[in-house]
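The primary structure of each chain is shown beneath.
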Amino acid sequence: MSGYGFPTLLQYSRLTTAAADLKSRAEQARTEMVTGRLADMKSQLSSKIGDVHLLRKAIDDVTARQDAATRALGRTTASQTALTLASDGVVTLGADLLSAVGQNNEPSIDIAATKARLQLDAAFSAFNTRYEGRSLFAGDAADAPALGDAETLLADVSAIFVGAADNAQLQTDLDFYFNDPAGGFATTIYTGGTGNAARTEIADGELVDYSAKADEQAVRDLLRHLATVVVADQQASFVDRDLALSTAAGGLIQADSDIVAIRSRIGAAEERIAAADSRLEAEATAYSLTYNEHTARDPYEAASLLQQIESQLQASYLVTSRISLLSLANFLR
């Protein structure tokens with residue numbers, strides 16, 4: 001006679017329930033083997049789960065600040081590059097132009113004017129630089145370009161030359177155009193926002209401003225003097241043309257120095273952001289080590305446990321299969 005006895009619904013139910021539990025435990029062990037992390041922290045950590053959640057939130061907060069710092073450093077680098085391109089060679093240009101005017105060397109003046117036009121186009125392009133889809137020099141209007149077009153600026157400056165009787169009036173009219181809120185630069189050329197770009201939080205309550213705008217005085221002066229050189233070269237009949245050229249040449253040299261000051265300001269902010277990024281990296285490392293101490297799972301132990309569970313599961317399937325084949329006829333056979 002068989003030693004299995006009569007199969008019952010209760011026996012079968014218990015075996016299938018045990019098999020389902022083993023499958024669940026196997027899946028958990030498999031997950032822990034792959035991720036190296038506890039799969040069911042709530043039940044496995046018990047009273048420590050609250051501390052682990054706080055650690056996870058701290059890690060997420062630090063990571064978010066690290067991401068913000070990384071983006072900020074990317075923008076500062078792009079801004080520095082743009083400022084360099086905008087003012088590249090203007091000191092030499094100004095010095096060469098002063099020399100050419102002093103020697104009444106028209107070919108050299110023409111060459112300087114040609115270089116000024118190229119540099120003006122480069123400056124407009126540089127100040128319209130975008131990073132991650134956001135304008136770098138448009139202030140709080142990050143979705144808009146910072147400047148209009150160079151052709152409009154040159155046309156306006158040409159009109160100012162035509163209406164000026166001498167260099168004194170020319171400079172007065174240029175002052176109004178470039179520096180007055182109602183002047184053409186503010187109303188036509190600068191197309192960015194009135195406020196600064198958003199600051200970046202690098203620590204609790206510590207915000208850093210690393211922005212620069214295309215309507216800052218140094219930028220206005222750079223564009224003013226470049227445009228003046230270009231237009232003055234074409235105004236041979238202007239009574240004070242050489243004086244206008246000399247004024248613009250000296251202005252270019254000063255504008256370069258002022259642009260350097262903006263770069264230094266951004267550089268100081270860059271250093272603060274980089275230092276904060278290093279601190280955040282140290283915090284993230286410390287939090288992660290503590291978090292791992294609570295939640296890490298040895299993959300080798302998980303693999304060993306998985307092997308044991310799979311063996312038990314196979315045995316459970318075998319017993320269940322044999323019971324399911326039992327019948328009264330088989331029992332009496």
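Just so you know, these numbers come straight off a predicted model, no measurement behind them.

Visitor: Teacher, can you tell me more about the pattern of salt bridges here?
Guide: Opposite charge on two side chains permits them to pair, given that their charged atoms come into close proximity. Inspection of every chain in the model, using the stated rule, returns twelve salt bridges. As a salt-bridge pair, D215 and K213 come within 3.6 Å of each other at their nearest N and O atoms. Both residues of the pair, D215 and K213, belong to the buried class. Among the ionic pairs, E216 bridges to R265, the shortest N-O distance being 2.9 Å. With E216 in the loop between β4 (206-208) and α9 (217-232) and R265 in helix α10 (residues 241-295), this pair connects stretches of sequence that are 49 residues apart. For E216, a relative accessible area of 18% corresponds to the buried category. Beyond isolated ion pairs, a larger network of salt bridges with shared partners links E106, R241 and D242.

Visitor: Is there a simple way to think about unusual backbone geometry in this case?
Guide: Residues apart from glycine generally show negative phi values, whereas peptide bonds are mostly found in trans. Positive phi is not limited to glycine here, since N104 has a value of about 55°. Here N104 lies in the loop between α4 (90-102) and α5 (106-127). Although it is not a glycine, E132 adopts a positive phi angle of roughly 55°. Inspection of the secondary structure assignment puts E132 in the loop between β1 (130-131) and β2 (134-135).

Visitor: Just to check I follow, could you spell out the side chain of Q119 for this structure?
Guide: Here Q119 is to be found in helix α5. The contact partners of Q119, leaving out residues within four places of it in the chain, are L85, A86, S87, D88, V90 and L226.

Visitor: I tried to follow the pairing of strand β3 (residues 200-203) on my own but got confused; where do I start?
Guide: Residues in a regular strand project their side chains so that they alternate between the two faces of the sheet. Summarising the sheet, β3 and β4 pair through three bridges and their orientation is antiparallel. Paired with T200 across the bridge in β4 is V208. Hairpin connection, β3 to β4: the antiparallel pair is bridged by two residues, and G205 has positive phi, about 75°.

Visitor: Looking at this model, I keep getting lost on the packing of helix α7 (residues 167-179) against α9. Mind explaining?
Guide: Pairs of packed helices are described in terms of their axes, by the angle between the two and the distance that separates them. Look at α7 against α9: their axes get within 10 Å of each other, and the N-to-C directions meet at 135°. Taken together, the axis directions place α7 and α9 in an arrangement best described as oblique. α9 is crossed by α7, and the crossing has right-handed handedness. In this structure, α7 uses Q171, L174, D175, F178 and N179 to contact α9, whose residues at the interface are Q217, R220, L223, R224 and T228. A per-class count over the contact of α7 with α9 returns three nonpolar, four polar and three charged.

Visitor: Whenever I open this one, the nonpolar core confuses me. Can you help?
Guide: A general tendency of soluble globular proteins is for nonpolar side chains to be buried together. Formed by 59 residues in total, the largest nonpolar core has its most connected members in F127, F137, L147, L153 and L223. Broken down by secondary-structure element, the contributors of at least two residues to this core are α3 (49-87), α4, α5, α6 (150-163), α7, α8 (184-189), α9 and α10. Top element by residues in this core is α9. It accounts for ten residues. The contacts of L223, once residues within four sequence positions are left out, are L120, A123, F124, L147, L153, F178 and F185. Listed in part, the eight residues of the second largest apolar core include A69, I202, I273 and A276.

Cut-offs and rules
Residues numbered from 1 in each chain as written. Predicted model: local features only at pLDDT ≥ 70, side-chain atom pairs only at ≥ 80, totals over all residues. Heavy atoms only, no water. Salt bridge = Lys/Arg side-chain N within 4 Å of Asp/Glu carboxyl O. Buried < 20%, exposed > 50% of the residue type's maximum accessible area, 1.4 Å probe, protein only. Helix = DSSP H or I, 4+ residues; strand = E, 2+ residues; numbered from the N terminus. Contact = heavy atoms within 4.5 Å. Pairing = 2+ DSSP bridges. Axes fitted to C-alpha atoms, helices over the stretch in contact; angles between N-to-C directions. Parallel < 35°, antiparallel > 145°, perpendicular 65-115°, else oblique. Left-handed = near helix turned anticlockwise from the far one by under 90°. Nonpolar A, V, L, I, M, F, W, Y, C, P; charged D, E, K, R; others polar. Core = buried A, V, L, I, M, F, W, Y, C linked by side-chain atoms within 4.5 Å.

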